[in-house]
Amino acid sequence: MDTTASPQASQEIAGLDAVEDCARIAFLLSSQLFPLTIEKALEYALFKTFAVPSISKILAGTREFSDRGQKRYDDTVLVLAEITEGGHCGMRSQAAYARLNDMHGRFKIRDEDFLYTLGTFIFEPIRALKLYGPRPMTPHEEEAWFQSYLRLGRGMKLKGLPAEKDAFYAWYLDFEKTQFRPSDSNRTVADATMDVLFDMLSVPQGLRGIARKVAISLMEPHVAEAFEYDRPSPLMAGAVSAGMSARRLVLALLPERRTLRLQTRRKLPTYPHGYEIDALGTFVCPHAAE
C-alpha cells in the first residue's frame, strides 16, 4: 500500500474505491487529513470498552493498566498502527496481527466483546469528526473506514462480523444499551487510564480535578454513568462545549494538511529509542486475571 502523503488527500480519496482502496483511504484520513481528531477518538473508543464489565474485569485482573498503564497505552497504539499504517498485508502488519491474536488468545473473551471493541474503532472516529472535526467524513469515506476495520476484524479472526455498516451500527447501539452497567472494575481501569492520559499531556496535579471534569463533560451520559462519574455542572459542560465548537470552527478555516503524522514514528514514552513488534503488549497468563 502507498503510505506517502497526498498533495490533495480529499481529492485522491474521492477517486478511490471504498472497498478495494479502503486501506489507503483510511490511512489518509487518520494520518494526514484528521490525525489528531481521529487519534483522540480512538483513545475514547478504547476508553468506552471499559464500561462493559466483562471487558474491564479482565483488564483489571491483569493489573496492566494500574501497574503499567503507560506501556499498555503505548503498546495498543503501536500494534494497531503497525496494522493500519501498513495496509493490513505487509510483513510488519502480519507480525502485529500475530502479536495481537496471541495476546487475546490468552484470555476467555466473549465474541460480542471483540465485536464491540472493533465497533468503537469504526464509529467513534466517525462521530468525533461530525461533532468536533473540521468536517465530517463523507459517506464514501465512512464506507472505506468501515471496510478497512472489517479487514482488521478478519485479521483477528472475529466471528459474526456484520457485512453492512448500518447493521453493525444498530447492533453496536443495542450492545451499549444492554451491556453498559456500573462495576468496580470499570472504574478501576477508567481511573488508571485517565491518569495515563493526564501524564502524557503533562497536566499538573493541582489541575487534574478540573481536567477530569472536562474529560467527563466530553463523555456521553451513559458512558459516564457506567463509571459512576458525577456529571459536571451545566456551567462546566457549557464551557467545554463552547471550546470544542470554537476548535471546530478554527480547524475548518485551516488549509488541508499535506504532511503525515504517523503513530509508528512517534517517540512514545515507553519506547524513546524504538521498539520490536514481538515485544509489544502483554505476556501475562490467563490465571493472572482470575
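The structure reproduced in this document is the subject of the present report. (Residues numbered from 1 in each chain as written. Predicted model: local features only at pLDDT ≥ 70, side-chain atom pairs only at ≥ 80, totals over all residues. Heavy atoms only, no water.)

1. Remarks on the overall build of the chain
- Scanning the chain from N- to C-terminus turns up 13 helices and zero strands.
- Along its sequence from the N terminus, the chain presents helices and strands in the succession α-α-α-α-α-α-α-α-α-α-α-α-α.
- The C-alpha radius of gyration of the chain comes to 19 Å, within 12% of the 19 Å expected for a compact globule of 290 residues.
- Residues classed as buried in the chain amount to 48% of the 290 residues present.
- Total accessible area on the chain is roughly 14200 Å²; 58% of this is exposed by carbon and sulfur atoms. (Helix = DSSP H or I, 4+ residues; strand = E, 2+ residues; numbered from the N terminus. Rg over C-alpha atoms; globule rule 2.2 N^0.38 Å. Buried < 20%, exposed > 50% of the residue type's maximum accessible area, 1.4 Å probe, protein only. Areas by Shrake-Rupley, 256 points an atom, 1.4 Å probe, with all protein chains shown as cover.)

2. Notes on helix α6 (residues 91–105)
- Between its terminal C-alpha atoms α6 stretches 21 Å, which fits the 21 Å expected from 15 residues at 1.5 Å a residue.
- By the burial criterion, the buried members of α6 are S93, A96, Y97, R99, L100 and M103. Looking down the long axis of α6, one finds its buried residues gathered within 165° of arc, a one-sided arrangement. Facing away from the buried side of α6 by more than 90 degrees, the exposed set consists of M91 and G105. (Expected span 1.5 Å × (residues − 1). Arc of directions from axis to C-beta.)

3. Some words on unusual backbone geometry
- Positioned with a positive phi, K157 is a non-glycine residue whose angle comes to about 60°.
- Its place among the elements puts K157 in the loop between α8 (139–155) and α9 (165–179).
- A residue is classified by how much of its surface remains accessible, and K157, at 65% relative accessible area, is exposed.
- A positive phi is found at S202, a non-glycine position, where the angle reads about 55°.
- Its place among the elements puts S202 in the loop between α10 (184–200) and α11 (208–218).

4. Let's talk about the nonpolar core
- Counting residues in each nonpolar core, the largest one holds 75 residues, and the members touching the most others are L29, I122, W145, M219, F227 and Y229.
- Looking at which element gives the most residues to this core, the answer is helix α7 (residues 111–132), with nine residues.
- Aside from chain neighbours lying at most four places away, what touches I122 is W145, F146, Y149 and F168. (Core = buried A, V, L, I, M, F, W, Y, C linked by side-chain atoms within 4.5 Å. Contact = heavy atoms within 4.5 Å.)

5. Comments concerning the packing of aromatic side chains
- According to the stated counting rule, one finds 16 aromatic pairs in the structure shown.
- An angle of 15° between the planes, with centres 4.7 Å apart, marks the rings of Y116 and F175 as stacked. Here Y116, found in helix α7, pairs with F175, found in helix α9; they are 59 residues apart in sequence, far enough to count as distant.
- With a centroid separation of 5.1 Å and an interplanar angle of 50°, the aromatic rings of F123 and Y172 are classed as tilted. With F123 in helix α7 and Y172 in helix α9, the pair connects residues that are 49 residues apart, well separated along the chain.
- Judged by relative accessible area, F123 falls into the buried class, the value being 7%.
- The class of Y172 is buried, set by a relative accessible area of 2%. (Phe/Tyr/Trp six-rings, centres within 6.5 Å; stacked < 30°, edge-to-face > 60°.)

6. What to know about the environment of R257
- Checked against the element boundaries, R257 lands in the segment after α13 (234–253).
- We classify R257 as partly exposed; its relative accessible area is 30%.
- With 247 residues separating them in the primary sequence, R257 and S10 have C-alpha atoms 9.9 Å apart.
- Among residues more than four places away in sequence, those in contact with R257 are Q32, L33 and P35.
- Engagement of the side chain of R257 in a polar contact is seen with the backbone oxygen of T259, the distance being 3.3 Å. (Polar contact = N/O pair within 3.5 Å; in protein donor to acceptor, adjacent residues only side chain to side chain.)

7. What to know about the packing of helix α4 (residues 53–62) against α10
- At a minimum axis distance of 8 Å, the contact between α4 and α10 shows a crossing angle of 60°. Between α4 and α10, the crossing angle belongs to the class labelled oblique. Considering only the axes of α4 and α10, their crossing is left-handed. Contacts between α4 and α10 involve P53, S56, K57, L59 and A60 from the former and S185, N186 and V189 from the latter. (Axes fitted to C-alpha atoms, helices over the stretch in contact; angles between N-to-C directions. Parallel < 35°, antiparallel > 145°, perpendicular 65-115°, else oblique. Left-handed = near helix turned anticlockwise from the far one by under 90°.)

8. Re the pattern of salt bridges
- A complete count under the given rule lists 23 salt bridges for this structure.
- For K48, the salt bridge is made with E176, and the minimal N-O distance between the two is 2.7 Å. Here K48 is found in helix α3 (residues 35–49), whereas its partner E176 is found in helix α9, with 128 residues between them in sequence.
- Overall, K48 belongs to the buried group, its relative accessible area being 1%.
- Ionic pairing is found between R99 and D102, a salt bridge with its closest N-O pair at 2.4 Å. (Salt bridge = Lys/Arg side-chain N within 4 Å of Asp/Glu carboxyl O.)

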